[in-house]
Amino acid sequence: MLVSTNNLTKRYGSFTALDDCTCSVAPGEVFGLLGPNGAGKTTLLRLLLGFLKPTEGLATVDGIDCSQKSVAVRSRIAYLPGDARLVRQMKGRDVLRFFAQVRREGDLRRAFEIADDLELDLAQYVAFMSTGMRQKLALAATFSMNTPLLILDEPTANLDPTVRSTVLQLVHAAKQEGKTVMFSSHVLSEIEEICDRVVILRAGQLVHLQVMAELKRQHRIRARLHAAMPAVPDDLVNLISFEHQENGEIEFHSPGELTVLLGWLSTLPLAEMTVSPIGLRAIYDQFHHHSAAETANP
Amino acid sequence: MNFVLIRKSISDAKWLFLSFGVLLFVFCWTRVWVVSLIETPRFTAILDQFWEQFGHFSPVSFSHLVSYPGRVALTLAEPIVVFGISIWAIARGSDAVSGPLDRGTLEMLLAQPLSRVQALTTQAAVTTAGTALLCCLCWLGMSLGIQYTVVKVAPESAGLVLPFLDVELPNPFQDHQPVKVPLSNEVNPASLVPAVMNLFAMGFCVAGMATLVSSWDRYRWRTIGIISGFYIVEFLVKIVAMSAESLQWLRPLTFFSALEPQWFVYITVEEPELTWSFFLFDDNGQIVEMGPSSYNLTLLGIGLISYLAAALIFHRRDLPAPL
């Protein structure tokens, strides 16, 4: 495992920002962190970067203790915060040059290429750039680094839809290069699109780990039932569940492969049938039903 | 040391340094030139009127204060010079941790494989070098002022010496009009070097203390407020301590007690063998007071301890996310 946390806890007095978090991230994986504000996503990432000292537990990157040897850890990490603040007196070009030269993993040519793709004006001073432009500049600096791990803390928070799409492409490209990405976001669709696994955090606790490939196989089938529901065949009992809704509607839940069910479903007296993937929202709402409104709707 | 980090730190400091550099250089040159505008007899007469009431505020004797070395040395005690160095030190010191933390730029910097101590020492090194250069500019300004200023002095007495009796009589034919001489005849710029070093030690001390406050604070405005408040209190303590003999016990409570550039010039001119001494002794060999080197060591020691404490605090603290 490239990243590993074991009973990681961070407390500020009586407030627990992260509580007993144990998880791991495999090399080459895109790992998502999901949760509302204050759930502990940023605390977890800052503990990995050595910005915070854990109250209890251990976090390692590539087997190195994040708290004790944070410099060695950060030589393996490229980090992008949600609201990247850069030195205002520097020009865009100088910012990229600084980040490329301050560490051995920097690659100025690659940084200029990404900046070019993002249509950045590098002759401009940071002070005169919009928030989105500054974020793009930080994106170019971060994605140009040749590190095995990318930590992106809500990287698309201040970006327009076009650039959001570019960010997701950059994450895809990083994954293709074999890099590991940790990606925190409020936007479910982004997480759903790019992540291999997702953890959901609530009030500092890791409450759910979701493998996205498994989620993509799960479906919800809604239909109107015109007659009594026949019994489910024995060989399908474990592959489907259903519940009756109001107005004669019925909803089936398929936790696995859909194709084996379609034959049986076609024999039922159903009309107006719709099939849709379960989606991350349904999972997320199980844990954050009351705060779902905070989360951006895909 | 990371060369790229040093370059960035210099770039951060350059405009502040340039503005203070020009200010101090021009002021010191001008201030020395102003010495030539008031002839010594007039200056003596003016000072004499206030000496009884305010003489105890002077760290040097009346005779030295009215001499050209004493008058030039006053430049280093001028508020513009002392506060100029102090403001530079506070501005730079407060920008060590709480400054970039407040602006949010520390996060991206420390996300790179740089240790916190490395970031702090780089900033401190540039601040210290800047303080030293500003002090050098003060000295250069004064030296050029000394070089290019002409003053009027009373002509040397040329009496009539009676042969065999070895008695000198006043020469009634001598011209008593003051003669113009270069100030460099009266003041050696090298005699100002120890005093300028004292000024540097004060700048290092203030920068260290500002860095210490900055290392645990989150907001730069609050750091500046705390250190400025402390600075003013220390300054007032020195004034109160000097105002009466009975309040002398306050002197060890303020670092300003170790800032005496005029006294440094006095020692260098009048008792050059004591210029680098740690203690001053009386005729019986008993220590009567600290020497110039002890003054500088006190200031440098406070600064160094502050920097070390700052490094320890910064190394251990949590870095909060930018607001």
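**Some details on the pairing of strand E3 (residues 30-34) of chain A**
All names here are of chain A. Among the five residues of E3, five are classified as buried, and the element is accordingly described as predominantly covered. Of the two faces of E3, both are covered, the one formed by Val30, Gly32 and Leu34 as well as the one formed by Phe31 and Leu33. Note: E3 against strand E8 (residues 180-185), five bridges, orientation parallel. Residue pairing for E8: Val30 is matched across the bridge by Val181. Across four bridges, the pairing between E3 and strand E9 (residues 197-202) is parallel. Within E9, the position partnered with Leu34 by the bridge is Ile200.

**With respect to the confidence of the model for chain B**
Summing up the model confidence of chain B, the mean pLDDT is 92 and the portion of residues at 70 or higher is 98%. Across the whole predicted complex the pTM is 0.87, and at the interface the ipTM reaches 0.84.

**Some remarks on the interface of chain B and chain A**
Taken residue by residue, the interface counts 29 residues in chain B and 25 residues in chain A. Each partner contributes to the roughly 2300 Å² buried at the junction of chain B and chain A, and carbon and sulfur atoms together form 59% of this total. At the boundary of chain B with chain A, the tally comes to two salt bridges. One salt bridge connects Asp318(B) with Lys10(A), and the closest N-O pair in it is separated by 2.5 Å. There are 17 residue pairs in polar contact (both at pLDDT 80 or more) connecting chain B and chain A. Among the secondary structure elements, those contributing two or more residues to the side of chain B that touches chain A are helix H1 (3-35), helix H6 (98-103), helix H7 (105-110) and helix H12 (292-316) of chain B.

**Section: the sheet that holds strand E13 (residues 249-254) of chain A**
Residue and element names in this part refer to chain A. The sheet built from four strands is open, its strands ordered E12-E13-E11-E14 with antiparallel pairing. Of all strands in the sheet, those bounded by a partner on one side alone are strand E12 (241-244) and strand E14 (270-277). With direction set aside, neighbouring strand axes in the sheet form an average angle of 20 degrees. Relative to E13, strand E11 (residues 219-225) is paired through six bridges, and the arrangement is antiparallel. Each bridged residue has a counterpart across the sheet, and for Arg222 the counterpart in E13 is Glu251.

**Here's the deal with the packing of helix H8 (residues 116-148) of chain B against helix H9 (residues 193-216) of chain B**
Residues and elements named next belong to chain B. At a closest axis distance of 9 Å, the pairing of H8 and H9 adopts a crossing angle of 150 degrees. What the angle tells us is that H8 and H9 run roughly antiparallel. Crossing of H8 over H9 shows right-handed handedness. For the pair formed by H8 and H9, the contact residues are Leu120, Thr127, Thr128, Thr131, Ala132, Cys135, Cys138, Trp139 and Met142 on the first element and Val193, Val196, Leu199, Phe200, Gly203, Phe204, Ala207 and Thr211 on the second. Classifying every residue of the contact of H8 with H9 gives twelve nonpolar, five polar and no charged.

**What about helix H10 (residues 220-243) of chain B?**
All names here are of chain B. Here H10 spans 34 Å end to end across 24 residues, near enough to the 34 Å set by a 1.5 Å rise per residue. Here H10 has its buried residues at Thr223, Ile227, Tyr231, Glu234, Val237, Lys238, Ala241 and Met242. Turning to H10, the residues buried within the fold contact helix H5 (79-94), H6 and H9.

**Topic: the side chain of His219(A)**
Mapped onto the secondary structure, His219(A) falls in strand E11. Leaving out residues up to four positions away in the same chain, His219(A) has contacts with Phe252(A), His253(A), Ser254(A), Leu258(A), Val275(A), Ser276(A), Pro277(A) and Ile278(A).

**Let's talk about the pattern of salt bridges**
Enumeration according to the criterion identifies 27 salt bridges over all chains in this entry. A salt bridge links Glu78(B) to Arg31(B), with the shortest nitrogen-to-oxygen separation between them at 2.5 Å. Of this pair, Glu78(B) sits in the loop between helix H4 (68-73) and H5 while Arg31(B) sits in helix H1, placing them 47 residues apart in sequence. Overlapping salt bridges, with partners in common, bring together Arg109(A), Arg110(A) and Glu113(A) in one network.

**Some details on a nonpolar patch on the surface**
Residue and element names in this part refer to chain B. On the surface, a cluster of nonpolar side chains totalling about 500 Å² of accessible area is made up of Phe83, Ile87, Ile232, Phe235, Leu236 and Ile239. At the level of secondary structure, the elements contributing two or more residues to the nonpolar patch comprise H5 and H10. With four residues, the single largest contributor to the nonpolar patch is H10. Relative to the assigned elements, Ile87 resides in helix H5.

**A closer look at the nonpolar core**
Leu48(A), Leu137(A), Val171(A) and Met182(A) are the most contacted members of the largest nonpolar core, which has 99 residues in total. Considering every element that reaches this core, the biggest residue donor is helix H5 (residues 131-143) of chain A, with seven residues. Among residues more than four places away in sequence, those in contact with Leu48(A) are Val3(A), Thr5(A), Ala59(A), Val61(A), Cys66(A), Val73(A), Ile77(A), Ile151(A) and Met182(A). Counting 57 residues, the second-largest nonpolar core is a separate cluster that includes Phe204(B), Cys205(B), Val213(B) and Phe256(B).

**A short note on unusual backbone geometry**
All names here are of chain A. If you check the backbone angles, Glu119 has positive phi at about 55 degrees while not being a glycine. Examined against the element boundaries, Glu119 turns out to sit in the loop between helix H4 (108-117) and H5. Positive phi, close to 45 degrees, is recorded for Glu154, a residue that is not glycine. Here Glu154 shows up in the loop between strand E7 (149-153) and helix H6 (161-176).

Calculation criteria
- Residues numbered from 1 in each chain as written.
- Chains lettered and ligands numbered in written order.
- Predicted model: local features only at pLDDT ≥ 70, side-chain atom pairs only at ≥ 80, totals over all residues.
- Heavy atoms only, no water.
- Buried < 20%, exposed > 50% of the residue type's maximum accessible area, 1.4 Å probe, protein only.
- Helix = DSSP H or I, 4+ residues; strand = E, 2+ residues; numbered from the N terminus.
- Pairing = 2+ DSSP bridges.
- pLDDT = per-residue confidence, 0-100.
- Contact = heavy atoms within 4.5 Å.
- Buried area = accessible area lost by both parts, 1.4 Å probe.
- Salt bridge = Lys/Arg side-chain N within 4 Å of Asp/Glu carboxyl O.
- Polar contact = N/O pair within 3.5 Å; in protein donor to acceptor, adjacent residues only side chain to side chain.
- Axes fitted to C-alpha atoms, helices over the stretch in contact; angles between N-to-C directions.
- Parallel < 35°, antiparallel > 145°, perpendicular 65-115°, else oblique.
- Left-handed = near helix turned anticlockwise from the far one by under 90°.
- Nonpolar A, V, L, I, M, F, W, Y, C, P; charged D, E, K, R; others polar.
- Expected span 1.5 Å × (residues − 1).
- Patch = residues over 30% accessible without salt bridge, like charges linked within 9 Å, V, L, I, M, F, W, Y side chains within 5 Å.
- Areas by Shrake-Rupley, 256 points an atom, 1.4 Å probe, with all protein chains shown as cover.
- Core = buried A, V, L, I, M, F, W, Y, C linked by side-chain atoms within 4.5 Å.

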